[in-house]
Amino acid sequence: MQKQSFLKIFLIAIISFAAFLPGLVFAQSDATLDRIVSQIESLYPPLEGYVIAVEGNGLTLDLKRGMAVKKGDRLKLIRYGRELFHPVTKKKVGRKETDLGEVEILEVRKDFSHARSLNPTALPKEGDGVRSPFQKLTFLVAPPNIKTRKKIDADRLRLNLEKKLNRHPRFEVPAFDFGLWMIDEKLNETSALKSKSLRRLKRKVNADLILIPNVHTIKGKMVLSYKLVSSKDGSLQKQAQVLSDDLPAAKARRETRRGTQTSFDAKNQPFKFIDKNQFPYEIVDFDAGDLNGDGKNEYVLIDRYRVMVYKLKKGKLRKIGQLRKRKGVDRFLGVDVGDINGNGRDEIFVTNQVGDKLESFALERQPGGKNFKHVWKDVNLYFRIIRPFGAKPTLLSQSTGFEAPFHGSIKKVLYKKRRYILGSKLNTPDIYGKFFSLYGLTQTDLSGNKIKDTIILDDKYHLRVYSPEGRVIVKSDEYYGHDPRFIDVGVVEEFGGLASGSSNITRAKAVRYKSRLQFVKNGSRRFLVLPKNYVAGNGMLDQMVIVENSGLAILGVNREGFERLFESHKQKGYLGAFRVVPRKGNAGADVFIVTIDKDYVSETSPMTSTFSTYFWELE
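Here is what the cut-offs are and how they apply
Residues numbered from 1 in each chain as written. Predicted model: local features only at pLDDT ≥ 70, side-chain atom pairs only at ≥ 80, totals over all residues. Heavy atoms only, no water. Salt bridge = Lys/Arg side-chain N within 4 Å of Asp/Glu carboxyl O. Helix = DSSP H or I, 4+ residues; strand = E, 2+ residues; numbered from the N terminus. Buried < 20%, exposed > 50% of the residue type's maximum accessible area, 1.4 Å probe, protein only. Polar contact = N/O pair within 3.5 Å; in protein donor to acceptor, adjacent residues only side chain to side chain. Contact = heavy atoms within 4.5 Å. Pairing = 2+ DSSP bridges. Axes fitted to C-alpha atoms, helices over the stretch in contact; angles between N-to-C directions. Parallel < 35°, antiparallel > 145°, perpendicular 65-115°, else oblique. Left-handed = near helix turned anticlockwise from the far one by under 90°. Nonpolar A, V, L, I, M, F, W, Y, C, P; charged D, E, K, R; others polar. Phe/Tyr/Trp six-rings, centres within 6.5 Å; stacked < 30°, edge-to-face > 60°. Lys NZ or Arg CZ within 6 Å of the ring centre and 35° of its normal.

Caption draft 1: The pattern of salt bridges, seen in detail. Scanning all chains against the criterion turns up 39 salt bridges. For Asp128, the salt bridge identified is with Arg79, shortest N-O distance 2.6 Å. With Asp128 in the loop between strand 5 (113-117) and strand 6 (129-131) and Arg79 in strand 3 (residues 74-85), this pair connects stretches of sequence that are 49 residues apart. With a relative accessible area of 22%, Arg79 lands in the partly exposed category. Beyond isolated ion pairs, a larger network of salt bridges with shared partners links Asp285, Asp287, Asp336, Arg384, Arg516 and Arg579.

Rendered as structure tokens:
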């Protein structure tokens, strides 16, 4: 028993160190970005001053014109006490401080300012201090302008800048792609800073400053220069340049695209890489469909509170629409796209968690317009669309439970008399003690007898196939899926051990998310495509899933079951979503994979999502 405990502790230590090591390497290689952040920080130091005169409730401060203070500002009023010294080094570390409330600036003059105390019980006196409260600054980072022959990975440079800013306690970068907004608005670096453009930008996102990086060469030396401008009026706040030899090179990007190879030789890899798009936040789920009925697909990505619609050209995404819900209130769990009402335009079905219940909804694009309207709202159901061989997409639903995420049978959703209704129960096998949830499940006719089998990832992430009678036809030896995310709808926090006086809080019955399983016909062959996350410790540590990298597993479908064909190249992070879309005319298929790079050591570190596009060639 002690040996097992020691082994588990040892594995956790090794995994934690491995997860932490990349952060150390990164910290040693980005001194240039540290200097830029330090330069920006020096522009906005905390404002400090002193009370130089007191007249009743009125105060005179030594803050004057030209300093970062204006009428209406509120500052902390501080009473300084004795000096404080370090007990070991004996060096002075500051003075004791007592908060006396706040003061409000009434007028700023050439050499001083007038203020008033907002705390009627405080008795300010000369020598008291005033200080600005902690204030965060919000930045947008523009796409770097590369003016050098050396190939620089502009996307990685921008993401590194955003991560550096986000790690500063006073700085933050919102989940908004400024570069895509410029493309959508047909703006360049100059026109984006015009007053009219900045007013349009303000309606999209709240930001204080825009950082515009540029890379060029001076006398053979690589230089990273930048301009910092106000997002309010476009005024220049700072302009500087830093010598740098550690900018991310484009060759590193190519290595990232390929990733670590699986046991299959590269020449047998049928996926041809097209391009990738990166986002400085978590992409929760993704699906594709024809939203306006023109025969061309749009691509729907969601984070926790936004539905974002894109067009795709040669692997590059261009945003064409967005619907935003309440940040911090709504929590999107999944998105599915399909034409369920049969009007030739695919609907968007979003599973949305609000507290301990679901408020899911469906959207549809209006004919000839760009806007989306709700066609189904406040639905306390999970959604998932499955695509059996030779059949139309089927929208499945399932209810939430009491103190458990799922309850009851899976039901089909139909569209009748201009509204969505719950149809018949999905024909899953009736097995004693076995409960089916709609995630990690699909159905199709595998044997050609016109009877649908049920295919699932079980609780141990093995692939199982059940006949309608409940007989296990297939059970895989290796695992698939293994998503690190949880679903906790309806799960309450309970206080355990009350009889013994303990106040330990436990969260029971939350379940791990399971991604979609997709059947695909490419050419004359049939395939099952499913996600595979490669976890540290080979899945032995059940309560601590750390995904090192991920990819897709491709299984061939025949009358006897499945045969393992190949796996896609591994990518860093866990696989958040994927879709395979066959091209018309039996001309191969497009493959889309979303991976999320998560820091398992620091939960507050920002995530990076990568949307990769591949072409699946016919054999």
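From this point, things continue past the structure.
Caption draft 2: Spatial organisation of the side chain of Ser476. With respect to the helices and strands, the residue Ser476 is situated in strand 30 (residues 472-479). Polar contacts involving the side chain of Ser476 include one to the main-chain amide nitrogen of Leu463, which spans 2.8 Å. Excluding residues that lie within four positions of it along the chain, Ser476 makes contacts with His462 and Leu463.

Caption draft 3: Inspection of the sheet that holds strand 2 (residues 58-61) at higher detail. In spatial order, the strands read 1-2-5-4-3-6; together these 6 strands close into a barrel with antiparallel pairing. The average angle at which neighbouring strand axes cross in this sheet is 50°, direction not considered. Sheet analysis places strand 2 next to strand 5, joined by 4 bridges and oriented antiparallel. Following the sheet pairing, Gly58 is matched in strand 5 by Arg116.

Caption draft 4: The arrangement of the sheet that holds strand 27 (residues 441-444) in detail. Taken in spatial order, the 4 strands line up as 27-28-29-30 in an open sheet, and their pairing is antiparallel. Edge positions in the open sheet fall to strand 27 and strand 30, since each of these has one partner strand only. If you compare each strand with its neighbour and ignore which way they point, the axes differ by 15° on average. Across 4 bridges, strand 27 lies against strand 28 (residues 453-457) in antiparallel orientation. Bridge pairing in strand 28 places Leu441 opposite Ile456.

Caption draft 5: How the structure looks around the packing of helix 2 (residues 31-43) against helix 3 (residues 154-167). At a closest axis distance of 10 Å, the pairing of helix 2 and helix 3 adopts a crossing angle of 50°. Relative to helix 3, the element helix 2 is oriented oblique. The handedness of the crossing between helix 2 and helix 3 comes out as right-handed. Along its contact with helix 2, which presents Leu33, Asp34 and Val37, the element helix 3 presents Leu157, Asn160, Leu161, Lys164 and Leu165. For the contact of helix 2 with helix 3, a count of residues per class yields 5 nonpolar, 1 polar and 2 charged.

Caption draft 6: Region of the structure containing the pairing of strand 21 (residues 360-365). The buried count for strand 21 comes to 6 of 6 residues, which makes it a mostly enclosed element. Relative to strand 21, strand 19 (residues 347-354) runs antiparallel, the two sharing 3 bridges. Bridged to Ile348 within strand 21 is Leu363. Pairing between strand 21 and strand 22 (residues 372-379): 5 bridges, direction antiparallel. Directly across from Arg365, in strand 22, lies its bridge partner Phe372. As consecutive antiparallel partners, strand 21 and strand 22 are separated by 6 residues, and within that stretch Gly368 has a phi angle of approximately 75°, a positive value.

Caption draft 7: Expanded view of the packing of aromatic side chains. Tallied over the full model, the rule gives 28 aromatic pairs. Centroid distance Tyr415 to Tyr420: 4.8 Å. Interplanar angle 65°. Geometry classified as edge-to-face. Given the relative accessible area of 31%, Tyr415 is considered partly exposed. Positioned above the aromatic ring of Tyr80 is the side chain of Arg95, whose terminal nitrogen or guanidinium carbon lies 4.3 Å from the ring centre. Sitting above the plane of the Phe361 ring, Lys325 keeps its charged end 4.6 Å from the centroid.

From the geometry alone we can't say anything about function, so treat these as descriptive.
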